[in-house]
Amino acid sequence: MPAVHGGRPFRPAADVRPGAPDTDFDNKVRLHFMSEQNRENRPFVDVVKVTKVYSPDIVALQDVSLSVDRGEMIFLTGMSGAGKSTLLKLISCMERPNKGLIEVAGRDTAKLKKGEIQELRQQIGMAYQDFKILPRHTVFQNVAMPMEVLYRPGREIKERVNEVLEALRMDHKKNLPAGKLSRGEQQRVAIARAAVNRPALILADEPTGNLDSEISTLVMKLFTELNEGGSTIIIATHDSSIYEGTSHRVVRLEHGMFTA
Amino acid sequence: MPAVHGGRPFRPAADVRPGAPDTDFDNKVRLHFMSEQNRENRPFVDVVKVTKVYSPDIVALQDVSLSVDRGEMIFLTGMSGAGKSTLLKLISCMERPNKGLIEVAGRDTAKLKKGEIQELRQQIGMAYQDFKILPRHTVFQNVAMPMEVLYRPGREIKERVNEVLEALRMDHKKNLPAGKLSRGEQQRVAIARAAVNRPALILADEPTGNLDSEISTLVMKLFTELNEGGSTIIIATHDSSIYEGTSHRVVRLEHGMFTA
Amino acid sequence: MSRLKYHIKQTWRNLGQSWGTQIMTLFTVSLSVLIFSFFLLIYVNILAAGDRFSDELRLVVYLDHEVVPEMQPQIRKKIMDFSEVENIVFVSRKEAFERFRKQLGKNSDVLDDLGPEIMPPSIEVSPLRDLEHLSQLKEFSDYLATLPGALKVQYGQNWVERFGHFTELVRMTVIMSGVLLVMATGFMVSYTIRLTVVAKDAELEILRLLGASSSYVQTPLLIEGLMQGIIGSTLGMALLYALYTWAAGRLSGPGFLRLFDLTFFSPLTACAIILVSIAMCTGGSLIAIRKYMRI
Amino acid sequence: MSRLKYHIKQTWRNLGQSWGTQIMTLFTVSLSVLIFSFFLLIYVNILAAGDRFSDELRLVVYLDHEVVPEMQPQIRKKIMDFSEVENIVFVSRKEAFERFRKQLGKNSDVLDDLGPEIMPPSIEVSPLRDLEHLSQLKEFSDYLATLPGALKVQYGQNWVERFGHFTELVRMTVIMSGVLLVMATGFMVSYTIRLTVVAKDAELEILRLLGASSSYVQTPLLIEGLMQGIIGSTLGMALLYALYTWAAGRLSGPGFLRLFDLTFFSPLTACAIILVSIAMCTGGSLIAIRKYMRI
Ligand SMILES: Nc1ncnc2c1ncn2[C@@H]1O[C@H](COP(=O)(O)OP(=O)(O)OP(=O)(O)O)[C@@H](O)[C@H]1O
Ligand SMILES: Nc1ncnc2c1ncn2[C@@H]1O[C@H](COP(=O)(O)OP(=O)(O)OP(=O)(O)O)[C@@H](O)[C@H]1O
Ligand SMILES: [Mg+2]
Ligand SMILES: [Mg+2]
């Protein structure tokens, strides 16, 4: 079983709302980071006046603030180079901000210890813009990784992986090496891996860049289902067709700053 | 100067039409593959009943035929996994068909010798779906490669690379290693490299997958300019916004076959 | 328990995916162990040979008159004052004459008319084994020349020096080869680690991003390193033993006066070498992935 | 002309981008050259030592009567019949007696009353240099014992055998170390090529897709291989010379009867080694990229 760090349990988003599928699984895996009393009234992801400068002097984000509530789905748009990926990387602790505060599940990410960062990442499913899939592993193996990392039993892994691959129409390719797929298929593998674990937080970076509108719809359907199951979802995209007409919040980055 | 193979000159597309920019440059570089009399009335790219099966039994293309005239711009659409990239790879000799005939500039690609394939590729600018840029080389070095391969003089390379980077709003990043760019910026590097040489044939595979609509417009503007300069252009895309409302031909692949 | 099964499954899968690298690593380990223990074995045997060589080394002090038995302890003491020695033998004129007669063999009848007084008496001194260097021997010989009545000090200068020279050359050859091989082995090992890391790079990066615990990442690699260490070093040691047997076979023969009785490592030493290699293999795999263990 | 400039520019840029790999490769080349030429040098010197050793080897045939000068050609012929020899010396009783007197030194007055007739006459035979093996020597000695009037044949059996034994051991050590080092060097070189290919993989792939001509791709790599070959092998040879000088210095001394006059390669041999290394370096780079040269 996963180690518990710091004693502050990270309550699964899944059991906050009714109708969450597979609550039992979630209860076993997810830990409670936030204390009971302010879990509901504080944002799940809180970015406060964050500045990120890449060496030597490339300002990717400047004084950016963003609050995402638990269970919210939000779209992050902006031109190429605006800083969308950088913001997602900061939230998942892949990069460190030069200034400002980033809180996830009520904890300051700058102060997390190694084990706590690992625990936090286990709760985050990220679909990377460059996919980061293993070309020589099969599709199944790629998608199963986040569950294997949590030592889930094989039967459960199989079930869940098949389910998510089916939802993305990738089940017929599951035993092929991921490197032999078309780019759009690889992108779906990356999305499936981010979603397979029903994580509390999903960060999707340009998830439909290589997908046609039909498949994009499937992807959005998957995300919507997960969101209804309690997951908080942040989607960075330039594809207006996937957020036009939704009731969800859309924020726009421009040259490292949010525009109203 | 480049070696001439087979004695059949490959006449630059650029000087076929009036108004071609930099005709002098083109005359020096491009070779004539087609004999004079039937250059105008035969298609520039001719795909006849081509089947491509990946081992062991993945049928990517089945009995596909497509003719693209010299100076045409054509959009290739279709769902993810339909076979768009495969078709482009066949045209650029990266893959070999299992059945069927592929002619480029009037020559059967199956019968080209090593030197002739090299020569053909020098005439093709391909923007790969996975970019294939060198992360440790600078943007400038990446974009300059197709011209360096032709031993163009440094002054000319500089001029042309700057021109194409400016057109894609990437000139301010030209001395950064390409691996440190955002994905959208990397995609623009890949497009710039495909266009820098004003090749006779441009194959663009999903060129706007990571780009917002503003930059996509710039990319299409660049392609249109090149097309008006005489380049034949095939664009594989799922982004309907870039081909909706154009007068150019749009063909649709579905499960390895063209639909009417 | 189920976690260990998880890790073993993982290791097994890795093995299937990268057996090329695995075999290469195995060869590297075997070869490294072979090379190291080969030079260790040679060094050990040279030391032993040196011992046996000095066994036979004697200095002979020729005297102008015999040492009467009462005087012997005094001279013994005088010699011992300069240096501890292995053995001191006093040879009388008569004993020397007998030796000479034997040396002439059939022809010894020429000595029939002569008495032992034609031969000089002598003292034979066997230095201690640790008196290795020729310079020390020379010094000792000079000292012995100052004994009362000493005429001349002789030792197999000719052959001793020649042999000493040769031994020195061999020692230096072995040392230099050893240094070169250590460097080559070092390169080999570091290259292997680099190639392994290049191969695993993407996977370790992704595991890190998925929040895999350190034990999840390290255990399969540890098992892998352990297995490679065990198989590789045992193989290397077995190869060395085969080589040794071959060499010993070639060197045996009508071995009267054999200087080199080759000996192999004791089982204990062999085990120690294998254990150290195993430890280094597992340690190496850990070092190779340590940079992925930071967050 | 301008193309060559292009290629040199290219090479220079590569150098800046991958100096880590370059330096590693340089070390590998140096070390390989050092190791190979080190063992070659040792082998050459062992051969030379063997020669010098057999220079000093003599068989002595003790006779029961002197050979009169008229008979000498006949005996000479008889010996030559069995085997070509370097030299044959007839030692009369008188000469033997003189030698014995000298050997006794100060004490030689004990011989004053004796005549040369106490000493046996002898024939000293120096075998040819190529008579290397002890078994051959033994055979020859057995033959000499059948000469008319031969009493006994003597050679420094004791030391000769011992020395022969030792030489054999050294030869085998050198051969085995050589084999191991060749294997280690082979590994090193192939690893270096693999690492270089991994590093250049993406670039060569893209050049291929851009339709770069073979000369465009190969020339910078050839220049690179050439430079690495030149610098690396020269460095290796220089290192070996430094080692040699150090060793020769340590081995020199009061060198009467020195068996090992170390010699270095002739400049010609050294150049040949360097040239071969350069050829192998450039060849190696070509082989490494050959798979990218197909279309
Ligand atoms: N190297 C390969 N080995 C095996 N199958 C392959 C290989 N490359 C492509 N395929 C398969 O061939 C089919 C067509 O692939 P292709 O890359 O041409 O699709 P595409 O139309 O470009 O899709 P996308 O829009 O996702 O890029 C897919 O089903 C894909 O899985
Ligand atoms: N590792 C890095 N080193 C230096 N600069 C970087 C690095 N990563 C990103 N940048 C720069 O930071 C800025 C923001 O990059 P980011 O990847 O966040 O953009 P983005 O909004 O995701 O763009 P895209 O839509 O193209 O993916 C860009 O100008 C980019 O060049
Ligand atoms: Mg991005
Ligand atoms: Mg494609």
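Everything numeric here is computed off the predicted structure, so don't read it as measured data.

Calculation notes
Residues numbered from 1 in each chain as written. Chains lettered and ligands numbered in written order. Predicted model: local features only at pLDDT ≥ 70, side-chain atom pairs only at ≥ 80, totals over all residues. Heavy atoms only, no water. Donors = N, O, S within 2.8 Å, 3.2 Å for Na, K, Ca; no water. Helix = DSSP H or I, 4+ residues; strand = E, 2+ residues; numbered from the N terminus. Buried < 20%, exposed > 50% of the residue type's maximum accessible area, 1.4 Å probe, protein only. Near = heavy atom within 4 Å. Polar contact = N/O pair within 3.5 Å; in protein donor to acceptor, adjacent residues only side chain to side chain. Areas by Shrake-Rupley, 256 points an atom, 1.4 Å probe, with all protein chains shown as cover. Nonpolar A, V, L, I, M, F, W, Y, C, P; charged D, E, K, R; others polar.

(A) Expanded view of the coordination of the magnesium ion (ligand 3). All names here are of chain A. Looking at the magnesium ion (ligand 3), one finds its protein donor set to be Ser85 (OG) and Gln129 (OE1), positioned 1.8 to 2.1 Å from the metal centre. With Ser85 in helix H2 (residues 84-91) and Gln129 in the loop between strand E6 (124-127) and helix H4 (139-149), the pair connects residues that are 44 residues apart, well separated along the chain. Comparing Ser85 with Gln129, the two get one shared label, buried.

(B) Highlighting unusual backbone geometry. For the peptide bond that leads from A:Ser55 to A:Pro56, omega is 0 degrees, which places it in the cis range. With respect to the element layout, A:Pro56 can be found in the loop between strand E1 (45-54) and strand E2 (58-68). The backbone phi angle of A:Asp63 is positive, close to 50 degrees, even though this residue is not glycine. Along the polypeptide, A:Asp63 turns up in strand E2. What makes A:Asp63 partly exposed here is its relative accessible area of 48%. Not every positive phi belongs to a glycine, and B:Lys49 is a case in point at roughly 45 degrees. Here B:Lys49 is to be found in strand E1 (residues 45-54).

(C) Broad picture of the site of ligand 1. By nearness alone, 19 residues border ligand 1, and A:Lys173, A:Ser182, A:Glu185, B:Ser85 and B:Thr86 come closest of all. Within the backbone of A:Gly184, an N or O atom sits 2.7 Å from an oxygen atom of ligand 1. Between an oxygen atom of ligand 1 and a main-chain N or O atom of B:Ala82, the distance comes to 3.3 Å. When ligand 1 sits alone it has 630 Å² of accessible area, and the protein chains cover 92% of it. Those elements giving two or more residues to the shell around ligand 1 turn out to be helix H6 (183-195) of chain A together with strand E2 (58-68) and helix H2 (84-91) of chain B. Tallied by class, the residues present in the shell around ligand 1 amount to six nonpolar, eight polar and five charged.

Keep in mind that these numbers describe shape and distance, not what the molecule does.
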